[in-house]
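Geometric and topological summary
The chain contents come next:
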Amino acid sequence: QVQLVESGGGLVQAGGSLRLSCAASGRTFSSYAMGWFRQAPGKEREFVAAISWSGGSTYYGDSVKGRFTISRDNAKSTVYLQMNSPKPEDTAVYYCAAARGPTSPSIVETPGEYDYWGQGTQVTVSS
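In this report, we go over the structure that sits alongside the text. Since the model is a prediction, treat every value here as computed from it, not as a measurement. (Residues numbered from 1 in each chain as written. Predicted model: local features only at pLDDT ≥ 70, side-chain atom pairs only at ≥ 80, totals over all residues. Heavy atoms only, no water.)

Now for the nonpolar core. In this structure, Leu4, Met34, Trp36, Leu81 and Tyr94 are the most contacted members of the largest nonpolar core, which totals 29 residues. Put simply, the parts of the chain that give this core at least two residues each are strand 3 (17-24), strand 4 (33-39), strand 5 (46-51), strand 7 (68-73), strand 8 (78-84), strand 9 (92-99) and strand 11 (121-126). Among the nonpolar cores identified, the runner-up in size contains eight residues, and Phe47, Ala50, Val108 and Tyr114 belong to it. (Core = buried A, V, L, I, M, F, W, Y, C linked by side-chain atoms within 4.5 Å. Buried < 20%, exposed > 50% of the residue type's maximum accessible area, 1.4 Å probe, protein only. Helix = DSSP H or I, 4+ residues; strand = E, 2+ residues; numbered from the N terminus.)

Structure follows, in structure tokens:
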């Protein structure tokens, strides 16, 4: 069992920066690939970024490539999402998720491939 708790959300101006954190419980964090998804009102859950268990591979959704960076610290059981130059269309509830299994672009972009989810943190980007 893995419990995930996101933090760091809030209001940020377009062009600013924000860092989200996701702290995981349990001693097997390092065996999970981790992902960030987001969901805006009335829209489907959207893949944002993912990182392999070792941190050696990272994946990004097209809408955030070059602006957001995912990283992890296995010693702290924490995954991060650094959001640079956010835009109003990045406004959403951001969720982190853990997946136990192989990683590939098609797998990490699919919400159903993840085993555990956090409760989400709201990010609002003002123009």
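Moving on: the pattern of salt bridges. Going through the model one piece at a time under the given rule, you end up with four salt bridges. The partner of arginine 38 in a salt bridge is aspartate 90, and the shortest N-O contact between them spans 2.8 Å. Of the two residues, arginine 38 sits in strand 4 while aspartate 90 sits in the loop between strand 8 and strand 9, which places them 52 residues apart along the sequence. Given the relative accessible area of 1%, aspartate 90 is considered buried. Residue lysine 65 is joined to aspartate 62 by a salt bridge in which the shortest nitrogen-to-oxygen separation is 3.2 Å. In this structure aspartate 62 comes out as exposed when scored by relative accessible area, which is 68%. Where salt bridges share partners, they join Arg38, Glu46, Arg67 and Asp90 into one cluster. (Salt bridge = Lys/Arg side-chain N within 4 Å of Asp/Glu carboxyl O.)

Inspection of every chain in the model, using the stated rule, returns one disulfide. What pairs with cysteine 22 in a disulfide is cysteine 96, and their sulfur atoms sit 1.9 Å apart. As the torsion about the S-S bond is roughly 45 degrees, the cysteine 22-cysteine 96 disulfide counts as right-handed. Of this pair, cysteine 22 sits in strand 3 while cysteine 96 sits in strand 9; the two residues are 74 residues apart in sequence, bridging distant segments of the chain. (Disulfide = S-S within 2.5 Å.)

This model, assessed by the stated rule, comprises five aromatic pairs. Ring geometry for phenylalanine 37 against tyrosine 114: centres 5.2 Å apart, planes inclined by 85 degrees, an arrangement best described as edge-to-face. Of this pair, phenylalanine 37 sits in strand 4 while tyrosine 114 sits in the loop between helix 1 (105-108) and strand 10 (116-117), placing them 77 residues apart in sequence. As far as burial versus exposure is concerned, phenylalanine 37 and tyrosine 114 are alike and both buried. Ring geometry for phenylalanine 37 and tryptophan 117: centres 5.1 Å apart, planes at 55 degrees, overall tilted. Highlighted residues: phenylalanine 37 in strand 4 and tryptophan 117 in strand 10, separated in sequence by 80 residues. An aromatic cluster is present here, built from Phe37, Phe47, Tyr114 and Trp117 joined pairwise through their rings. The side chain of arginine 45 reaches across the aromatic face of tyrosine 95, ending 4.0 Å from its centre. One Lys or Arg, arginine 72, reaches over the ring of phenylalanine 29 and ends 4.5 Å from the middle of that ring. (Phe/Tyr/Trp six-rings, centres within 6.5 Å; stacked < 30°, edge-to-face > 60°. Lys NZ or Arg CZ within 6 Å of the ring centre and 35° of its normal.)

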